[in-house]
Amino acid sequence: MIELKSGLLVSKIRNGTVIDHIPAGRALAVLKILGIKGIEGYRIALVMNAESSKMGRKDILKIEDREIEEKEAELITLIAPEATINIIKDYEVVGKRKQEIPQEVVGLLRCTNPSCITNNDVEAITRFRTLKRRPLQLACEYCETRLTEDEVVRQILG
Ligand code: CTP
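Residues numbered from 1 in each chain as written. Predicted model: local features only at pLDDT ≥ 70, side-chain atom pairs only at ≥ 80, totals over all residues. Heavy atoms only, no water.

What about the sheet that holds strand β4 (residues 44-52)?
Then comes step 1: With respect to topology, five strands assemble into an open sheet ordered β4-β5-β3-β6-β7, the strand pairing being antiparallel. Only two strands of the sheet have a single partner each, and these edge strands are β4 and β7 (92-98). Adjacent strand axes in the sheet meet at a mean angle of 20° when their direction is disregarded.
Then comes step 2: With six bridges connecting them, strand β3 (residues 16-23) and strand β5 (residues 56-64) associate as antiparallel partners. Within β5, the residue paired with V18 across the bridge is K62. (Pairing = 2+ DSSP bridges. Helix = DSSP H or I, 4+ residues; strand = E, 2+ residues; numbered from the N terminus. Axes fitted to C-alpha atoms, helices over the stretch in contact; angles between N-to-C directions.)

Here's the deal with the domain arrangement of the protein chain
Then comes step 1: Assigned domains of the protein chain: these are domain 1 (14-94) and domain 2 (102-155).
Then comes step 2: Each of domain 1 and domain 2 has a C-alpha centre, and these two points are 24 Å apart.
Then comes step 3: Contacts between the two partners involve nine residues from domain 1, matched on the other side by 12 residues from domain 2.
Then comes step 4: Across the interface of domain 1 and domain 2, roughly 950 Å² is buried in total on both sides, 64% from carbon and sulfur atoms.
Then comes step 5: When the area that domain 1 buries against domain 2 is broken down by residue, the three leading residues are R26, E74 and L78, summing to 52%.
Then comes step 6: Summed over the shared surface of domain 1 and domain 2, the number is two salt bridges. (Domains from an automatic or database assignment. Contact = heavy atoms within 4.5 Å. Buried area = accessible area lost by both parts, 1.4 Å probe. Salt bridge = Lys/Arg side-chain N within 4 Å of Asp/Glu carboxyl O.)

The following block contains the structure:
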């Protein structure tokens, strides 16, 4: 068991992924990115609004027997730029990944401009380039419409 600063007890996991340093309140959005609804049978521990010395408050997500793909990690960094993805094997942390927000985000988000080509051509694939990382600002490559972090969270939760 691991005792958090708050006194809350959370089990260590044997195999799987621990996503740590998620901004407080965003763990459900991370689960949504992973497509996890709870009915899949993964054993999951979710801690929200835990005390953190670095972040004030943070969320933590532990998922047994599930790995994180590259595309998923990319989307996670957009809403949780400080997130650490820990790979656990036989109770040990065997990998620790802190990812930077990519230069370009392809095919994951939609443009908010209804007349953008990507909303009018079924074959068009959305493409945003990163203008600023903190706070997040993305620009559509086709029409220059800007997306903020709030909009990205809205799209993921929507
Ligand atoms: N963890 C877990 N089960 C394990 C091993 C680790 O749930 N078998 C969790 C820890 O509780 C922690 C995260 O995985 O939330 C990372 O573990 P570790 O690297 O040991 O912790 P820290 O050194 O505190 O991580 P960091 O430096 O990234 O803050």
